Each structure stands twice: as C-alpha cells, then as structure tokens.
Number of protein chains: 4
Amino acid sequence: MKDIQNLPDERNVYLNEVGIREFRYPVSIKSKDGSWFSTPAVMSLRVDLPGTQKGTHMSRFVEVLQDHAKLDLHNVRAIVEAIRERLNAENSYFTMEFDYFIEKQSPVTGHSSLLDVHVGVDAKIVDGDFSFCTSVNTPVMTLCPCSKEISDYSAHNQRASIIITLETNQFIWIEDIAKIAEEASSSPVYSLLKRPDEKYVTEYAYDHPKFVEDVCRDVKLRLDALPNVRHFAVEVMSHESIHNHQAYAKVVV
Amino acid sequence: MKDIQNLPDERNVYLNEVGIREFRYPVSIKSKDGSWFSTPAVMSLRVDLPGTQKGTHMSRFVEVLQDHAKLDLHNVRAIVEAIRERLNAENSYFTMEFDYFIEKQSPVTGHSSLLDVHVGVDAKIVDGDFSFCTSVNTPVMTLCPCSKEISDYSAHNQRASIIITLETNQFIWIEDIAKIAEEASSSPVYSLLKRPDEKYVTEYAYDHPKFVEDVCRDVKLRLDALPNVRHFAVEVMSHESIHNHQAYAKVVV
Amino acid sequence: MKDIQNLPDERNVYLNEVGIREFRYPVSIKSKDGSWFSTPAVMSLRVDLPGTQKGTHMSRFVEVLQDHAKLDLHNVRAIVEAIRERLNAENSYFTMEFDYFIEKQSPVTGHSSLLDVHVGVDAKIVDGDFSFCTSVNTPVMTLCPCSKEISDYSAHNQRASIIITLETNQFIWIEDIAKIAEEASSSPVYSLLKRPDEKYVTEYAYDHPKFVEDVCRDVKLRLDALPNVRHFAVEVMSHESIHNHQAYAKVVV
Amino acid sequence: MKDIQNLPDERNVYLNEVGIREFRYPVSIKSKDGSWFSTPAVMSLRVDLPGTQKGTHMSRFVEVLQDHAKLDLHNVRAIVEAIRERLNAENSYFTMEFDYFIEKQSPVTGHSSLLDVHVGVDAKIVDGDFSFCTSVNTPVMTLCPCSKEISDYSAHNQRASIIITLETNQFIWIEDIAKIAEEASSSPVYSLLKRPDEKYVTEYAYDHPKFVEDVCRDVKLRLDALPNVRHFAVEVMSHESIHNHQAYAKVVV
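Procedures and definitions
Residues numbered from 1 in each chain as written. Chains lettered and ligands numbered in written order. Predicted model: local features only at pLDDT ≥ 70, side-chain atom pairs only at ≥ 80, totals over all residues. Heavy atoms only, no water. Helix = DSSP H or I, 4+ residues; strand = E, 2+ residues; numbered from the N terminus. Buried < 20%, exposed > 50% of the residue type's maximum accessible area, 1.4 Å probe, protein only. Contact = heavy atoms within 4.5 Å. Areas by Shrake-Rupley, 256 points an atom, 1.4 Å probe, with all protein chains shown as cover. Lys, Arg positive; Asp, Glu negative; His and termini not counted. Charge placed at Lys NZ, Arg CZ, Asp CG, Glu CD. Buried area = accessible area lost by both parts, 1.4 Å probe. Salt bridge = Lys/Arg side-chain N within 4 Å of Asp/Glu carboxyl O. Least-squares fit on C-alpha atoms with pLDDT ≥ 70 in both. Patch = residues over 30% accessible without salt bridge, like charges linked within 9 Å, V, L, I, M, F, W, Y side chains within 5 Å. Nonpolar A, V, L, I, M, F, W, Y, C, P; charged D, E, K, R; others polar. pLDDT = per-residue confidence, 0-100. Expected span 1.5 Å × (residues − 1). Phe/Tyr/Trp six-rings, centres within 6.5 Å; stacked < 30°, edge-to-face > 60°. Axes fitted to C-alpha atoms, helices over the stretch in contact; angles between N-to-C directions. Parallel < 35°, antiparallel > 145°, perpendicular 65-115°, else oblique. Left-handed = near helix turned anticlockwise from the far one by under 90°. Disulfide = S-S within 2.5 Å. Pairing = 2+ DSSP bridges.

Caption draft 1: Quick peek at the overall build of chain A. If you tally the helices and strands in chain A, you get six helices and 10 strands. Considered along the principal axes of its C-alpha atoms, chain A spans approximately 75 × 35 × 35 Å. The buried share of chain A, reckoned over its 253 residues, is 63%. For chain A, restricting intrachain contacts to residue pairs at least 6 apart in sequence, the fraction spanning at least 24 positions comes to 63%. Carbon and sulfur atoms make up 44% of the accessible area of chain A, which totals about 9,200 Å². The average position of the 27 basic charges and that of the 37 acidic charges among the side chains of chain A differ by 2 Å.

Caption draft 2: Focus on the interface of chain C and chain B. Listed as interface residues are 50 residues of chain C and, on the opposing side, 50 residues of chain B. Buried area between chain C and chain B, both sides added, is near 4,200 Å², and the carbon and sulfur share of it is 58%. Per-residue buried area on chain C facing chain B is highest for Arg21, Arg217 and Tyr248 of chain C; these three make up 18% of the total on that side. Between chain C and chain B we count 10 salt bridges in total. A salt bridge links Lys2 of chain B to Glu149 of chain C; its shortest N-O distance comes to 3.9 Å.

Caption draft 3: Region of interest: the relation of the copies chain C and chain B. The transformation that overlays chain C on chain B combines an axial shift of 0.0 Å with a rotation of 180°, and the residual RMSD is 0.0 Å. On the angle and the small slide along the axis, the relation comes out as a two-fold axis. Here 100% of the contact residues of chain C are again contact residues in chain B; the copies associate through an equivalent surface.

Caption draft 4: Spatial organisation of a nonpolar patch on the surface. Residue and element names in this part refer to chain A. Judged by side-chain polarity, Val108, Tyr200 and Tyr204 come together as a nonpolar surface patch covering roughly 260 Å² of accessible area. Within the fold, Tyr200 resides in helix H5 (residues 195–207). Residue class for Tyr200 comes out partly exposed when judged on its relative accessible area of 39%.

Caption draft 5: Expanded view of the interface of chain A and chain D. Taken together, the 50 residues of chain A in the interface contact 50 residues of chain D. Both faces combined, the contact of chain A with chain D buries some 4,200 Å², and carbon together with sulfur accounts for 58% of it. Between the two partners, chain A and chain D, sit 10 salt bridges. Between Arg11 of chain D and Asp218 of chain A there is a salt bridge; the shortest N-O distance is 2.9 Å. Among the elements of the structure, strand S1 (15–30), strand S2 (36–49), helix H1 (58–66), helix H3 (145–150), helix H6 (212–224) and strand S10 (246–252) of chain A are those that each provide at least two residues to the side of chain A that touches chain D. Ranked by residue count, the leading element in the side of chain A that touches chain D is S1 of chain A, at nine residues. Per-class residue counts for the side of chain A that touches chain D are 25 nonpolar, 10 polar and 15 charged.

Caption draft 6: Geometry of the relation of the copies chain A and chain D. Superposing chain A onto chain D takes a rotation of 180° combined with a translation of 0.0 Å along the rotation axis, leaving an RMSD of 0.0 Å. Most of the interface of chain A is mirrored in chain D: 100% of its interface residues are interface residues there too.

Caption draft 7: Region of interest: the confidence of the model for chain A. Residues of chain A with pLDDT of at least 70 account for 100%, and the chain-wide mean is 96. In the model output, the complex is listed with pTM 0.97 alongside ipTM 0.95.

Caption draft 8: Representation of helix H6 (residues 212–224) of chain B within the structure. Residue and element names in this part refer to chain B. The end-to-end C-alpha separation of H6 is 18 Å, in line with the 18 Å expected for 13 residues at 1.5 Å each. With 10 of its 13 residues buried, H6 lies for the most part within the structure. Residues Val212, Glu213, Asp214, Val215, Cys216, Arg217, Asp218, Val219, Lys220 and Leu223 constitute the buried set of H6.

Caption draft 9: A look at the packing of aromatic side chains. Here the structure, examined in full by the defined rule, presents 32 aromatic pairs over all chains. On the numbers, 5.8 Å between centres and 20° between planes, the contact of Phe23 of chain B with Tyr25 of chain B is stacked. Measuring from centroid to centroid gives 5.4 Å for Tyr206 of chain C and Tyr153 of chain D, while their planes differ by 50°, and the two rings are tilted. Here the residue Tyr206 of chain C occupies a position in helix H5 (residues 195–207), and Tyr153 of chain D occupies one in the loop between helix H3 (145–150) and strand S7 (157–168), the pair thus bridging two chains. Here Tyr153 of chain D falls in the partly exposed class, since its relative accessible area comes to 30%.

Caption draft 10: The arrangement of the packing of helix H4 (residues 174–183) of chain A against H6 of chain A in detail. All names here are of chain A. The contact between H4 and H6 brings their axes to 8 Å, and the two run at 135°. The pairing of H4 with H6 is recorded here as oblique in orientation. The two elements H4 and H6 meet at a crossing, and its hand is right-handed. Facing Ile180, Ala181 and Glu183 of H4, the residues of H6 in contact are Val219, Arg222 and Leu223.

Caption draft 11: How the structure looks around unusual backbone geometry. All names here are of chain B. At Asn12, a residue that is not glycine, the phi angle is positive and equals roughly 55°. Mapped onto the elements of the fold, Asn12 is located in the segment before strand S1 (15–30). For Asn12, a relative accessible area of 51% gives the class exposed. One non-glycine residue, Asn88, lies in positive phi territory at about 50°. With respect to the helices, strands and loops of the structure, Asn88 is situated in the loop between helix H2 (76–86) and strand S4 (92–105). Assessed through its relative accessible area of 67%, Asn88 is described here as exposed.

Caption draft 12: Quick look at the state of the cysteines. Tallied over the entire structure, the rule returns zero disulfides over all chains. Free of any disulfide, Cys216 of chain B has its nearest neighbouring cysteine sulfur in Cys144 of chain B, separated by 16 Å. Considering cysteine sulfurs only, Cys216 of chain D is the nearest to Cys133 of chain D, which forms no disulfide, with 16 Å between them.

Caption draft 13: Focus on the side chain of Gln5 of chain A. Tracing the sequence through the fold places Gln5 of chain A in the segment before S1. Setting aside its immediate chain neighbours within four residues, Gln5 of chain A contacts Gln53, Lys54, Gly55, Thr56 and His57 of chain A together with Cys146 and Phe211 of chain D.

Caption draft 14: The pattern of salt bridges, seen in detail. Here the structure, examined in full by the defined rule, presents 88 salt bridges over all chains. In this structure, Asp9 of chain C engages Arg11 of chain C in a salt bridge whose closest nitrogen and oxygen atoms are separated by 2.6 Å. The class of Asp9 of chain C is buried, set by a relative accessible area of 8%. When salt bridges that share partners are traced, they join Asp9, Arg11 and Lys54 of chain A together with Lys210, Asp214, Arg217 and Asp218 of chain D into one network.

Caption draft 15: Structural view of the environment of Leu87 of chain C. Residue and element names in this part refer to chain C. Within the secondary structure layout, Leu87 lies in the loop between helix H2 (76–86) and strand S4 (92–105). With 39 residues separating them in the primary sequence, Leu87 and Asp48 have C-alpha atoms 9.3 Å apart. Apart from the residues within four sequence positions on either side, Leu87 is in contact with Val47, Thr56, His57, Arg60 and Phe61.

Caption draft 16: Here's a closer look at the pairing of S2 of chain A. Residue and element names in this part refer to chain A. In terms of residue burial, S2 counts as a mostly covered element, since 11 of its 14 residues are buried. Pairing geometry for S1 and S2, over 12 bridges, is antiparallel. Residue pairing across strands places Lys30 opposite Trp36, the latter belonging to S2. With antiparallel pairing between neighbouring strands as the criterion, S1 and S2 make up a hairpin whose turn holds five residues, including Gly34 at a positive phi of roughly 95°. Judged from the six bridges that link them, S2 and strand S4 (residues 92–105) form a sheet pairing that is antiparallel.

Have a look at this one:
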C-alpha cells in the first residue's frame with residue numbers, strides 16, 4: 001500500500017509544526033502528596049517537517065501517547081523525546097491541559113474541600129534544547145482598593161484568575177504555584193465555607209484590597225525569590241463585579 | 001439530476017425537527033428608540049419531516065433567511081411562516097442568538113456607555129399555533145446578605161447573570177426586560193464609571209443585599225405585574241467571589 | 001451567628017430550583033468491564049425552596065457530594081435522595097457532565113485505541129418520583145447520499161455528533177449507547193487507524209451513505225427495539241464539509 | 001475624592017500590560033466594496049505601567065473606544081495612538097475579534113450567499129514602533145490524498161480552518177486574505193449550494209486532494225509572492241472525519 005506521506009515534495013517548504021490537536025486522552029498525574037490523579041487531558045503533539053517530505057505520519061503520535069499515559073510531570077521530557085524519535089524529526093512539541101484539584105482547609109472551621117485549578121503543560125525540543133513550561137490558572141478573589149477608599153462602607157470585590165507560567169531548571173509542584181497565586185490575592189477562594197469561614201474571608205479580603213496591578217506585582221516578587229526559575233509570565237484577570245468586562249495586568253520576565 | 005431527498009422512505013419514522021444549526025448570518029434588529037442595530041446572529045431553522053419522505057431540502061432554509069435579514073422582532077412570525085411554506089412542512093422552528101447593546105447613563109456623573117446583553121429568540125409554529133419566546137441575559141451585581149450580616153464590615157459581592165425568558169401576547173422590548181432584571185439585582189453594572197459613580201454603586205449594592213433567591217423572586221413579582229405574559233422562566237446565576245462555582249435559582253411560571 | 005437563609009420570607013414565592021452550578025469535582029465511574037474510570041465532572045445540584053424560606057444552604061450541596069464521589073451510575077438515586085434529605089426539600093435535582101473513553105479495535109489491523117464520548121447525567125426526584133436520564137454524545141462519520149448520487153465520483157463526508165438521551169427502567173451502559181450510535185452512522189470514527197484501516201473506513205462510509213435524517217431514524221429504530229426504555233430523544237448534528245454550518249435532525253419519543 | 005491609582009508604588013515593578021479585556025463593543029468595519037459592516041467585537045486595550053505608579057485608569061480605555069467606534073482597518077493606528085496618549089503610557093496595545101461576512105457565488109448556478117470568517121486584529125506601539133497584524137480564520141474543505149490513493153473509491157474529507165496571520169507594510173483586505181486560503185484548499189465552502197453546485201464541489205475536492213501540510217505550504221507560497229509582507233504565520237486545522245481530533249500544520253515566516 002503506497003505511503004503518500006513519504007513521497008518527496010517539490011515545493012521544498014519547511015513546516016515548523018505538523019501533528020495532532022484537540023486530542024483527548026486520560027492521563028495520571030503525580031501529586032505533591034505522592035498519590036496519582038487521573039484525568040482526561042486535551043493534548044497536542046507536533047514535530048517539524050523537512051521541506052522535502054510530503055507529510056508526517058499522524059497515527060504515530062497516538063502510538064507515542066499510548067506508551068506514556070502515566071505522566072509524572074517530573075518526566076515530561078521522555079514523551080517529547082519519544083515523539084522526536086518515533087517521527088524522525090529534529091524538533092518536537094507536546095502541550096496538554098487538564099483540570100487539577102488541590103485539597104484545602106477552610107480558614108476557621110477547618111472543613112476540607114477541593115479547589116479546581118486549570119493546568120497547562122508546554123514542552124519541546126528545538127535545536128536540541130529541551131524546555132518545559134507549566135502554567136497554572138488559580139481562581140482567587142480581588143477587592144478594589146479604589147472602591148474601598150472612596151466609599152463610606154463596603155468595596156466591590158469579585159472572582160479573579162491568576163495565570164502563572166513558569167520555565168524552571170527544577171521541578172515545581174502545581175500545588176506550590178497555586179499557593180503563590182493565592183497568597184498574592186485579596187483572598188483565596190474555597191469550595192466549602194461554613195458561616196464563620198465566610199465571615200473570615202469577607203473581612204480578610206476587605207483588609208487586603210488589591211488591584212490586578214497589585215496582585216501581578218506581588219506574584220512577581222514571590223517568583224523572583226524562587227531559585228532555578230528561568231522565565232515566567234504572570235497574568236491577572238479580574239471579573240469586575242461592577243462591569244461586564246475584565247480588568248487585566250501582565251508581567252513577563 | 002436525481003432528487004434523493006424527495007424519495008419515499010420505507011422506515012416511516014416521523015422526525016420532529018430537521019434543518020440547519022450554527023448558521024451565522026447578519027441581521028438588523030429594531031431598537032426601542034426606533035433605530036436599527038446590525039449584528040451577526042447564530043441561527044437554527046428547522047421543520048418537521050413526514051415519515052414517508054427521505055430528507056428535507058437544506059438549501060431552502062438559507063434562501064428563506066436571505067429574504068428576511070432585516071428583522072423587526074415584532075414580526076418574527078413572518079420568518080417562521082416562510083420556513084413552513086418554503087419547506088412544505090406542518091411545523092416550523094426558528095431560533096437565534098445575538099449580542100445586543102443598551103445605552104445607559106452612569107448613576108452620578110451621567111456618563112453614557114453601552115451595556116451588552118445576550119438575547120435569544122425562539123419561535124415556532126406547531127400544530128397551527130404560533131408561539132414566540134424572547135430571552136434576555138442581563139449582567140448585574142449581587143451582594144450576599146449572609147456575608148453582610150455576619151461580618152463586622154464589608155460583604156462579598158460579584159457579577160451575576162439574570163436570564164429572563166418570556167412568552168407574551170404582546171411585544172416587549174429587550175430594553176424593558178433588561179431593566180426588570182437590573183431593578184431586581186443588588187446593583188446594575190455599567191461599562192463606564194467614574195469615581196463618584198463607583199462610590200455610588202459600591203454603597204448602593206451594600207444597601208441592597210440579595211441572594212440569588214431574592215433576585216429570582218423579585219424578578220418574578222415584577223413579571224407577574226406585566227399584562228399579556230403567558231409563561232416565563234427566571235434563572236439567576238451568581239459567579240460567587242468566594243467560590244469557584246455559581247449559586248443558582250430558577251422559577252418557572 | 002445569625003442564619004439569614006432560615007429567616008421567613010414574606011414574598012411567598014416558591015422557587016423551582018436553588019443550588020450550585022458549574023461545580024467541578026472528581027468522580028469515579030464504573031465501566032462496563034468492571035473497572036473504575038476517574039475523571040473530573042461538571043455538576044449542578046439543586047432543590048426546590050418553599051415560598052416561606054428566605055434561602056437554601058449552599059454549602060450542604062458540597063458536603064453531599066463529598067460523601068458520594070465514587071459514583072456507580074447504577075446508583076445515582078442515592079445521591080439525589082441524599083440531596084433531598086440533607087436540604088430538607090421536596091424535590092431534588094442532580095446533573096453532571098464528563099468525558100468518557102471507550103476502548104475500540106481498528107477494523108482491519110486490530111490496533112486498540114480510546115474513543116472519547118461526552119456523557120450527561122440528569123437525575124431528579126420530583127413529587128416523590130425518581131427519574132434518571134443518561135445522554136451520550138458519540139462522534140461518528142456521515143457521508144451524503146445526495147452528493148454520492150449526483151457526483152460522477154466521491155461524496156462529501158464529515159464528522160457528526162449523535163446525542164442519544166435515554167430514560168430507562170433498567171440500567172444501560174454508556175458503551176452500549178455509543179455502539180447504537182456508531183452502528184447507525186456511515187462509519188464509526190477511531191483515534192488510531194493504520195493505512196489498511198483508513199482504506200476500510202473510507203470505502204465503508206461510501207457504501208453506507210446517510211443523511212442526518214437517516215442516522216436519526218436508524219438510531220430510533222434500534223432504541224425502539226430495546227426493552228425497558230421509557231422515553232428517548234435522538235439528535236444528529238453533521239459538521240458539513242461543504243458548508244460552515246451543521247445539518248440537524250431530531251426525534252423525540 | 002482620592003485617586004488611589006495615582007499613588008506612588010514602592011515595589012517598583014514595571015508591568016508590561018494593564019487594561020481591560022473581554023470588552024464587547026459594536027464597531028463598523030469598512031469592506032473592500034466600500035460599504036460599512038456593523039458588528040459587535042470583543043476587545044482588549046492595554047498600556048504598560050511604570051514601576052512607580054500604583055494603577056492605571058481603567059475607565060479611560062472605554063472613553064477612547066467611544067471616540068473610535070467607526071473603524072476603518074486602514075487606520076487602526078489612530079486608536080492605538082489615542083490609547084497611548086490618553087493613558088500617558090510608553091507602549092499601548094489593541095486587539096479585537098469579530099465575525100465578518102464575504103459574499104460569494106456558488107460555482108455552477110451562481111447563487112449568492114455569505115461566508116462567515118473570523119477576524120482578529122492585533123495592533124501595538126512598543127518603543128515607538130507601530131505594528132499591526134490581521135488574522136483571518138477561513139473555513140474550507142480538505143480531502144485526504146492518502147485516503148484517495150489507497151482506497152478503491154472515495155476519500156475522506158472534512159471541514160478545515162485556515163488561520164492566516166499577516167503583518168504588512170501595506171493594507172490587505174480581509175476578502176483577499178480569505179481568498180488566498182480558499183485557493184490553497186481542496187475546495188472552498190459555501191452557505192448555499194444547489195445540487196449542480198454540490199456535484200461540482202464534491203468532484204472538485206476529489207480532484208484536489210490536500211493534506212494539512214499541502215494546504216499550509218500552498219498558502220505560504222502565495223503569501224511569499226505578495227509585496228509588502230513583513231511576517232506571517234499560517235495554521236491549518238483539519239477536523240478529520242475519520243477521527244475525533246484535528247490534523248494540524250503551521251509555518252512561520
């Protein structure tokens with residue numbers, strides 16, 4: 001049976017990336033406490049393609065995944081290398097996204113519940129160099145310092161998202177990245193709060209008013225203090241309770 | 001050229017709806033002030049299909065639309081009837097969704113800006129009866145009465161969505177439905193607020209604490225007072241600032 | 001600490017549903033082969049609220065979930081009853097959605113891979129009656145009979161979605177619902193196909209041309225033949241390769 | 001009333017971007033034929049913020065927009081400059097997305113209909129340099145060369161998306177970018193096709209089989225031939241009819 005993909009290509013146009021996208025596949029992620037968390041992830045696997053080859057072999061990407069479904073994020077490099085080898089490519093790319101859950105205690109009554117964060121992984125080998133970014137989108141609360149200052153009482157507050165994207169020389173747990181986000185916010189959010197907890201969170205947020213600019217800066221200073229961080233970006237999106245749009249701040253290092 | 005769709009079908013299975021979906025098309029909507037607002041809408045047009053006919057003629061739905069792009073919502077009936085006639089059907093269905101904008105003044109400084117609401121139209125002729133529902137999703141603010149009561153100061157508040165779906169004997173403007181939603185909330189939201197406005201909105205919301213249950217009930221009572229309403233549903237979704245999920249309330253009449 | 005929710009409400013407006021929505025929580029689903037599949041689900045839990053009570057107790061919904069994270073779909077009734085009891089309500093509602101994976105062999109070479117389907121569960125107790133619907137959205141392929149008939153060669157084909165929603169007296173596995181969808185399509189789809197498989201699927205689809213109307217009817221006839229089905233709906237959406245919209249068919253029984 | 005945003009900030013952290021996001025606003029876009037097309041757009045406006053200033057003035061972004069609602073894409077520079085001036089910033093950023101419609105004739109019967117494409121605009125002034133990218137996402141059809149070659153008859157085909165992102169020294173119409181995408185595909189798609197058109201499109205696609213790699217390369221060669229193009233990227237996503245995932249190719253110049 002003819003292998004059309006392997007035919008020579010006369011256009012001689014190098015393609016930076018070819019592969020599969022929006023591929024859903026269940027993976028197991030190792031948690032900070034040592035247990036394994038199982039979840040479907042949405043993935044993309046790609047390689048570069050020489051100008052002289054007509055097409056890549058799409059089914060091989062799926063085969064690589066089937067060999068690596070148990071994913072220790074300490075070892076994403078293995079899957080990126082396997083893609084490169086299996087596809088005979090120079091460069092290889094692997095991205096995935098999934099929901100992840102972190103157990104937290106409510107601040108006063110100590111009730112335990114799970115907070116969902118959204119995680120992205122972006123790993124690649126380009127020109128022989130491996131790099132690996134983790135991004136964690138953590139929901140928090142912001143309370144507006146301007147509204148607090150100018151109002152005789154109360155202040156508008158809202159849910160906000162903090163996206164921290166990190167490239168490091170050393171592994172950092174999702175749990176630790178989310179904690180940095182929470183500590184820089186007006187208050188963490190929780191799935192389960194009893195009334196004494198709700199009182200605490202309400203007052204705590206009022207005592208820690210923050211613009212998106214403040215949150216962004218405070219996350220940045222915490223990340224600056226980490227060892228082994230090569231690059232990072234921080235984005236804060238506040239779903240303003242007094243508007244129907246978002247306030248936004250971003251810093252890139 | 002053979003017309004496969006017109007062939008007889010031996011399975012004799014009546015189909016409730018056949019047609020097109022996720023069809024994007026620009027329409028002009030008449031505003032309360034008499035002007036026309038132009039926007040793409042996402043549409044679906046369907047008819048029922050007798051058990052004895054193999055298929056419907058999909059291209060005719062598009063042709064009906066092309067004859068009705070200037071849509072006075074007073075006259076959605078014309079398009080539903082045109083679908084039924086053009087497709088030789090008993091029952092016909094027309095739904096569309098679009099973003100719509102309402103001009104508002106900020107509460108203190110009077111700055112004008114546009115609030116975006118999301119509108120759905122659901123019209124049909126079934127067994128000879130025409131019916132027509134309009135639904136308007138209005139963004140507002142809710143402030144938690146429990147949080148206010150139990151906290152020494154402040155209260156958590158957040159953006160919320162109120163979806164009012166109405167079937168009436170007489171036309172109601174989108175603008176008037178949105179106003180009912182806003183009046184039942186802790187506070188309206190605005191695209192443009194200067195500092196004196198922000199102070200006003202912050203304090204006003206604190207003075208009007210509402211659970212989703214309260215908002216739902218207050219919208220219901222306002223709708224009860226309208227003449228010519230046959231059925232309605234009210235849904236309130238509050239994007240809780242202290243959680244990563246929504247609080248929800250619904251009433252159906 | 002005052003319990004505002006428990007206060008009497010003078011408006012006396014009964015609310016059909018109050019509770020939480022867009023709540024993400026990891027669950028374990030029992031598969032047909034006896035193993036357990038772990039995945040985050042997006043959930044909503046609600047109860048009705050008497051007209052005389054100001055508000056529901058939102059945190060209790062989360063507590064009910066925490067007691068029922070290991071979900072055998074044979075026993076969704078337990079969670080709906082627990083919601084009703086914990087919230088002291090007449091009616092209770094539980095819905096959730098999640099991605100699910102079914103292992104399949106490619107048709108010629110027998111390579112194994114996972115197909116992702118999207119599952120919805122909708123259970124409730126209303127006026128003392130428990131009811132439970134499962135809906136499975138299965139991706140398949142449709143090939144247009146008209147295009148095949150009128151063209152000298154080839155036919156347009158595309159990915160389509162079949163949503164089967166079933167209310168039954170007896171449990172039906174997700175795997176069995178997806179199989180009914182696949183058998184009524186022009187061809188199943190697969191995550192992993194080698195070239196002999198791709199040849200087979202291409203020719204098989206051409207040999208089984210189907211309008212959305214045909215798929216809808218063929219699913220309906222298969223469901224009619226099942227014992228213990230009380231109600232069902234079938235929706236077919238074909239992502240037409242020659243258009244930028246969908247062809248649609250629906251039957252309700 | 002105190003201006004908290006204008007306070008000095010001791011952390012001295014420069015922020016790359018601060019502003020508003022997910023802001024919906026109606027705009028008028030000038031079409032190639034000289035007419036104006038009205039549509040809501042989803043926008044983001046940002047500036048950079050010196051390390052010494054606590055916050056930006058969010059309401060001013062909305063005021064700039066209100067002065068520029070009639071948008072000739074020839075003159076996006078005016079809005080980016082207005083943002084920079086109004087906010088007293090060094091760098092300013094403006095992005096927006098909207099659906100746009102292009103009138104086309106069906107290939108045989110000449111029936112006219114509208115094709116919807118999705119457009120992105122990304123403009124900025126950074127360090128005094130203005131740059132402006134337009135991206136157009138055009139729906140097309142791809143037919144698999146491998147499936148055609150190995151099968152005795154037919155070939156799998158599907159809807160695909162081609163995203164062309166262009167930075168040019170000279171204005172290029174949306175209509176012309178979409179045409180480049182369509183010419184590089186297996187076939188354009190249409191909103192309205194009568195049977196002779198459907199036969200033509202079916203056979204035309206079979207006569208022009210293309211992998212995502214082929215489409216990507218053919219778009220690239222067409223863009224290479226344009227004068228005044230500074231940078232571009234081409235992404236092709238094929239919604240494979242035999243899989244539940246996408247095939248993908250990308251080239252960056």
